[in-house]
Amino acid sequence: MVAFGIAPTSPPIDVMLIILAVIMAASVMDAAGGIDFLVSIAERIIRANPKYVTIVAPLTTWSFTFVAGTGHIVYPLLPVIYETRTAAHPAERPMAVATIASQQAITASPVAAATAADDRLFAEKGLTDWGLPQILMVCVPATLTGVLAAAIVSMFIARTSRTIPSTRRA
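Described below are features of the structure shown in this document. Predicted, not measured: the structure shown is a model, and the values here were computed from it.

Here the focus is the environment of Leu-59. Relative to the helices and strands, Leu-59 is located in helix H3 (residues 53–68). Through-space distance from the C-alpha of Leu-59 to that of Ala-151 is 8.8 Å; in sequence the pair is 92 residues apart. Excluding residues within four positions of it along the chain, Leu-59 makes contact with Leu-144, Val-147 and Leu-148.

In C-alpha cells:
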C-alpha cells in the first residue's frame, strides 16, 4: 500500500490452500451424504429441545463449524432452527446467535484457515511456545463461553414492540 508507506507482502498461499482443502472436504462430505446425515442428527437434537432452542441451536452450529472448519456448513440447519421456534423463543433469536456461533467456531477450529493463520503469525513473531494446542486451549473455551453467554442473554431479552406509535392526533 503505497498510500500508507507499507510494502505489499506475498499472497498467503498456505491459508488459501487450507481454505481450498476445507471446502473440498465439505464438498465431498456433501456428495457422500454426510451433510444430510449430520443435519438429521442436529435436527433431532434441536427438535428434542424446543424450549431451549436459543441455547441448543447455537451450540449445535458451533459444533458443526468446529468440526468442519467452515461456517458454510451451517446453512442447512437454519430452516430446522426456524421451524423449531416457539412463541417464547421467536426465530430471530436462535438464528442470530446460531449464525454468530458458527463464525466464532471458525477461530477455534483446528482445521480452519483462521487458526492456521494465528499459528503462522505467532511463529513469525518468534513466539514458538505458542502453537496449535495453546491456541486451541484459549480459543475453544473462550468462544464456547461467549456463545453460551450470548445464547442465555438472547433467551431472556424482552420482546420489543415492532410497531411505532402514531404521532397523529385523531
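Okay, back to it.
A separate point is the packing of H3 against helix H4 (residues 77–84). As a packed pair, H3 and H4 sit with axes 11 Å apart at the nearest point and diverge in direction by 170°. When the interaxial angle is binned, H3 and H4 end up roughly antiparallel. Between H3 and H4, the residues in contact are Val-53, Ala-57, Thr-60, Thr-61 and Phe-64 and Leu-77, Ile-81 and Thr-84, respectively. The residue inventory of the contact of H3 with H4, partitioned by class, reads 5 nonpolar, 3 polar and no charged.

Time to look at the pattern of salt bridges. Under the definition given, this model contains 2 salt bridges. Measuring nitrogen to oxygen at the nearest pair gives 2.9 Å for the salt bridge that ties Glu-43 to Arg-47. Taken together, the positions of Glu-43 and Arg-47, both in helix H2 (residues 34–48) and 4 residues apart, correspond to about one turn of that helix. Of the charged contacts, one joins Arg-47 and Glu-83 as a salt bridge, the two residues approaching to 2.5 Å between their closest N and O atoms. Of this pair, Arg-47 sits in helix H2 while Glu-83 sits in helix H4; the two residues are 36 residues apart in sequence, bridging distant segments of the chain.

Contact pair helix H1 (residues 13–31) / helix H6 (residues 113–124): the axes reach a minimum separation of 9 Å and the direction vectors enclose 155°. With respect to H6, the element H1 is oriented roughly antiparallel. Seen from above, H1 lies across H6 with right-handed handedness. Contact residues: H1 offers Asp-14, Val-15, Ile-18 and Ile-19, while H6 offers Ala-113, Ala-116, Ala-117 and Arg-120. Classifying every residue of the contact of H1 with H6 gives 6 nonpolar, no polar and 2 charged.

Cut-offs and rules
- Residues numbered from 1 in each chain as written.
- Predicted model: local features only at pLDDT ≥ 70, side-chain atom pairs only at ≥ 80, totals over all residues.
- Heavy atoms only, no water.
- Helix = DSSP H or I, 4+ residues; strand = E, 2+ residues; numbered from the N terminus.
- Contact = heavy atoms within 4.5 Å.
- Axes fitted to C-alpha atoms, helices over the stretch in contact; angles between N-to-C directions.
- Parallel < 35°, antiparallel > 145°, perpendicular 65-115°, else oblique.
- Nonpolar A, V, L, I, M, F, W, Y, C, P; charged D, E, K, R; others polar.
- Salt bridge = Lys/Arg side-chain N within 4 Å of Asp/Glu carboxyl O.
- Left-handed = near helix turned anticlockwise from the far one by under 90°.

Keep in mind these values describe shape, not function.
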